[in-house]
Amino acid sequence: QVQLVESGGGLVQAGGSLRLSCAASGSTFGTMGWYRQAPGSQRELVARISMIGNTNYADSVKGRFTISRDNAKNTVYLQMNSLKPEDTAVYYCNFQPFYGGSDSWGQGTQVTVSS
């Protein structure tokens, strides 16, 4: 199973920006994505990106967040702009292998947006 390590979370004021990174230990031949989970809420998809760069975003982040990946570095990024207090959550990196099998998850990184 691929090991995923997130970084880049922190505390930011509303309207600010953060960039999350997720480095994978092995091949990332598949879809990579970011999910988040706020206290008392279910984990939800934020954005995901395929091997060839096709992307999907949650409606709540469209136009503010951008997902990208560097296949040579086995790394996926999430640029978050115009952050809102409701973006506060633990953000998790996810990898879905192209040929099936179990997903891999990172340990999560906290993002807190103050009003």
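For the structure itself, consult the block above.
A brief look at the structure comes next. Counting starts from 1 at the beginning of each chain's written sequence and moves along it residue by residue. In view of the model being predicted, local features appear only for residues whose pLDDT reaches at least 70, and side-chain atom pairs are presented and counted only at 80 or more, with totals across whole chains, interfaces and linings using the full set of residues. The basis for every side-chain value is the complete set of heavy atoms in the structure, and neither hydrogens nor water enter the calculation.

Each helix and strand counted, the chain has zero helices and 11 strands in total. To qualify as a helix, a DSSP run of H or I must reach at least 4 residues; to qualify as a strand, a run of E must reach at least 2; elements of each kind are numbered from the N terminus. Secondary structure elements in the chain, listed N-terminal to C-terminal, are β-β-β-β-β-β-β-β-β-β-β. Since a compact globule built from 115 residues should have a radius of gyration of about 13 Å, the 13 Å found for the chain is in line with a globular shape. Each of the three principal axes of the chain carries a C-alpha extent, and together these read 40 × 25 × 20 Å. Buried, partly exposed and exposed residues are distinguished by accessible area as a fraction of the type maximum, computed with a 1.4 Å probe on protein chains only: under 20%, between the cut-offs, and over 50%, respectively. Burial analysis of the chain (115 residues in total) assigns 41% to the buried set. A contact between two residues is defined here by any heavy atoms of the two lying within 4.5 Å. Partitioning the intrachain contacts of the chain with sequence separation of at least 6 by distance along the chain shows that 54% fall at a separation of at least 24. The reference for a compact globule is 2.2 Å times residues^0.38; the radius of gyration itself is calculated from the C-alpha atoms.

Turning our attention to the sheet that holds strand β7 (residues 65-70). Two strands form a pair only when DSSP identifies at least two bridges running between them. The four strands are arranged β1-β3-β8-β7 in an open sheet whose pairing can be described as antiparallel. Of all strands in the sheet, those with a lone pairing partner are β1 (4-7) and β7, marking the two edges. Ignoring which end each strand starts from, the neighbouring axes of this sheet average 15 degrees apart. Bridge count for strand β3 (residues 18-24) against strand β8 (residues 75-80) is six bridges, and the pairing is antiparallel. Looking at β8, one finds that Cys22 is bridged to Val76. To define axes, lines are fitted to C-alpha atoms, for helices over the stretch in contact only, and angles between the resulting N-to-C directions are given on a 0 to 180 degree scale.

What follows covers the nonpolar core. Each nonpolar core is a collection of buried residues, namely Ala, Val, Leu, Ile, Met, Phe, Trp, Tyr and Cys, held together in the definition by side-chain atoms within 4.5 Å. Counting 26 residues, the largest nonpolar core has Trp34, Leu78, Met80 and Tyr91 as its most contacted members. For this core, the elements supplying multiple residues, two or more each, are β3, β4 (30-37), β5 (44-49), β7, β8, β9 (89-97) and β11 (109-114). If sequence neighbours within four positions are ignored, Leu78 has contacts with Leu18, Arg19, Leu20, Trp34, Val46, Ala47, Phe65, Thr66, Ile67 and Tyr91.

Attention now goes to the packing of aromatic side chains. Centre distance within 6.5 Å is the pairing criterion for rings of Phe, Tyr and Trp, where only the six-membered ring of Trp is used; planes under 30 degrees apart are then read as stacked, over 60 as edge-to-face, and the remainder as tilted. Applying the stated criterion across every chain yields a total of four aromatic pairs. With a centroid separation of 5.7 Å and 20 degrees between ring planes, the pair formed by Phe29 and Tyr99 is classed as stacked. Here the residue Phe29 occupies a position in the loop between β3 and β4, and Tyr99 occupies one in the loop between β9 and β10 (104-105), the gap between them amounting to 70 residues. The exposure class of Tyr99 is exposed, given its relative accessible area of 70%. The aromatic ring of Tyr92 is capped on one face by Arg43, whose charged end is 3.7 Å from the ring centroid. Only lysine NZ and arginine CZ atoms are considered, and such an atom sits over a ring when it is within 6 Å of the ring centre and within 35 degrees of the ring normal.

Using a relative accessible area of 37% as the deciding quantity, one classes Phe29 as partly exposed. Apart from the residues within four sequence positions on either side, Phe29 is in contact with Met51, Phe95, Pro97, Phe98 and Tyr99.

This part takes up the pairing of β8. Burial of β8 is extensive: five of the six residues sit out of reach of the surface. The pairing of β7 with β8 spans six bridges and is antiparallel. When the sheet's bridge partners are listed, Ile67 is paired in β8 with Leu78. Joining the antiparallel neighbours β7 and β8 is a turn of four residues, in which Asn74 adopts a positive phi near 50 degrees.

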